[in-house]
Amino acid sequence: MWTATWALNTLVAKGKTTDWTVHMLGQAVAAHTDATHGMTLAAVSMPYYRRILPYGLKKFARYAVNVWGVNPEGKTQIKVAEEGLLAMEEWMKKIGLTMNLTALGATEQMLDGIVKSTLIMDGGYKVLDENDVRAVLKASF
């Protein structure tokens, strides 16, 4: 509860932009399925992070080192960041999260509706356009 309070009270966002796009993707999926928000986040997060990786490369690399213990020696920032996302993905699978939209009841026929339902927000490393949203969702099936 304490972590959620700090995540949602907006104090940590003062003086910088924040990125809630992955949540908007998840909310759009939930509107078209019976999946919970956490389930939809798990299904769309990895394709989303891979899509925005080049725009937030420095932070993704720092995350890989500080959270997942990726050794940066002799590696490019992109390699470090990709290893971090792979470690995150492996952990998510290990704890049993559903990693695709099909398993949540979404179908390719729902794709247009989910894309149209996705609220595009400012902030973050890259503001997605409709083509980006479609690409992320397609990669989530």
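Up top is the structure these notes are about.
Residues numbered from 1 in each chain as written. Predicted model: local features only at pLDDT ≥ 70, side-chain atom pairs only at ≥ 80, totals over all residues. Heavy atoms only, no water.

A.B. asks: So what's going on with the nonpolar core? Residues and values would help.
C.D. replies: Within the largest apolar cluster, 33 residues are counted, with the highest numbers of intra-cluster contacts made by Leu25, Val44, Tyr48, Leu101 and Leu137. Top element by residues in this core is helix H3 (residues 37-52). It accounts for 7 residues. What leucine 25 contacts, discounting residues up to four positions off in sequence, is Val44, Tyr48, Thr118, Val133, Val136 and Leu137. (Core = buried A, V, L, I, M, F, W, Y, C linked by side-chain atoms within 4.5 Å. Buried < 20%, exposed > 50% of the residue type's maximum accessible area, 1.4 Å probe, protein only. Helix = DSSP H or I, 4+ residues; strand = E, 2+ residues; numbered from the N terminus. Contact = heavy atoms within 4.5 Å.)

A.B. asks: Would you mind going over the packing of H3 against helix H5 (residues 77-94) in detail, with residue names and values included?
C.D. replies: Where H3 meets H5, the closest approach of the two axes is 11 Å, and the angle between their N-to-C directions is 170 degrees. It follows from the interaxial angle that H3 and H5 lie roughly antiparallel. For the pair formed by H3 and H5, the contact residues are Ala42, Ser45, Met46, Tyr49 and Arg50 on the first element and Leu85, Leu86, Met88, Glu89 and Met92 on the second. Here the residues of the contact of H3 with H5 are counted per class, giving 7 nonpolar, 1 polar and 2 charged. (Axes fitted to C-alpha atoms, helices over the stretch in contact; angles between N-to-C directions. Parallel < 35°, antiparallel > 145°, perpendicular 65-115°, else oblique. Nonpolar A, V, L, I, M, F, W, Y, C, P; charged D, E, K, R; others polar.)

A.B. asks: Just give me the short version of the pattern of salt bridges, but keep the residues and values in it.
C.D. replies: Within this structure, the stated rule accounts for 7 salt bridges. The salt bridge partner of aspartate 132 is arginine 51, with a shortest N-O separation of 2.7 Å. With aspartate 132 in helix H7 (residues 130-139) and arginine 51 in helix H3, the pair connects residues that are 81 residues apart, well separated along the chain. On the basis of relative accessible area, aspartate 132 is assigned to the buried category, the value being 5%. (Salt bridge = Lys/Arg side-chain N within 4 Å of Asp/Glu carboxyl O.)

A.B. asks: Describe a nonpolar patch on the surface, naming the residues involved and giving the relevant values.
C.D. replies: A contiguous nonpolar surface patch, about 280 Å² in accessible area, is contributed by Trp91, Ile95 and Leu97. Looking at the element boundaries, isoleucine 95 is found in the loop between H5 and helix H6 (111-117). (Patch = residues over 30% accessible without salt bridge, like charges linked within 9 Å, V, L, I, M, F, W, Y side chains within 5 Å. Areas by Shrake-Rupley, 256 points an atom, 1.4 Å probe, with all protein chains shown as cover.)

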